[in-house]
Amino acid sequence: MLRRGLAEIPTLAIACAAGLAWAVAAERLAVRMGSDEMAPTLGAVAGLAVAGSLWLRSVRETARASLDRLVCPRCEGRLSSEHEHASEAMPDGLQSWQCQLCGYAHAEALTCEGCHP
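Below: a short report on this structure.

### Regarding the overall build of the chain
- Regarding its fold elements, the chain presents three helices and three strands.
- The secondary structure elements of the chain, listed N-terminal to C-terminal, are α-α-α-β-β-β.
- The C-alpha atoms of the chain give 21 Å as radius of gyration, which overshoots the globular expectation for 117 residues (13 Å, by more than 25%).
- For the chain, the C-alpha atoms occupy an extent of roughly 60 × 40 × 20 Å along the three principal directions.
- Within the chain, residue pairs in contact and separated by at least 24 positions form 42% of the contacts whose partners lie at least 6 positions apart.

### Re the pattern of salt bridges
- According to the stated counting rule, one finds three salt bridges in the structure shown.
- A salt bridge links Glu-61 to Arg-57; its shortest N-O distance comes to 3.1 Å. Of this pair, Glu-61 and Arg-57 both sit in helix H3 (residues 39–68), four residues apart, roughly one helical turn.
- A relative accessible area of 48% means that Glu-61 is categorised as partly exposed.
- Between Asp-68 and Arg-64 there is a salt bridge, with the nearest N and O atoms lying 3.5 Å from each other.

### As for the sheet that holds strand E2 (residues 94–99)
- The three strands lie next to each other as E1-E2-E3, forming an open sheet whose pairing is antiparallel. With one partner strand each, in any of the chains shown, strand E1 (79–84) and strand E3 (105–108) form the two edges of the open sheet. Between one strand axis and the next, the sheet turns by 15 degrees as a mean value, whatever way the strands run.
- Sheet topology places E2 next to E3; four bridges connect them, and they run antiparallel. Each bridged residue has a counterpart across the sheet, and for Gln-95 the counterpart in E3 is Glu-108.

Definitions and limits used
- Residues numbered from 1 in each chain as written.
- Predicted model: local features only at pLDDT ≥ 70, side-chain atom pairs only at ≥ 80, totals over all residues.
- Heavy atoms only, no water.
- Helix = DSSP H or I, 4+ residues; strand = E, 2+ residues; numbered from the N terminus.
- Rg over C-alpha atoms; globule rule 2.2 N^0.38 Å.
- Contact = heavy atoms within 4.5 Å.
- Salt bridge = Lys/Arg side-chain N within 4 Å of Asp/Glu carboxyl O.
- Buried < 20%, exposed > 50% of the residue type's maximum accessible area, 1.4 Å probe, protein only.
- Pairing = 2+ DSSP bridges.
- Axes fitted to C-alpha atoms, helices over the stretch in contact; angles between N-to-C directions.

Quick look at the structure:
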């Protein structure tokens, strides 16, 4: 768990650096547009939005890569996977993953070649 947390430090640093750059840019732009009082707030909002978006994208990509490898994103245990083909009740099919070690469960609509004849 600690090893995985340490591996995320560069991603967090990049997200923070990008957020800081956007915060400075948004603050300066707000000052030029005449919003001197609101500039720090607008800069902070822009910076947090960018940093948060980049961080969440990284978390989602890491989780997706774990699911593709059938490795639990929480405990790195083995995931079991099950696919239900598309039907009238589920037009897109359903893919689900479960970890027996920590109880992690995830499901999403997903079709395969065999879902539609």
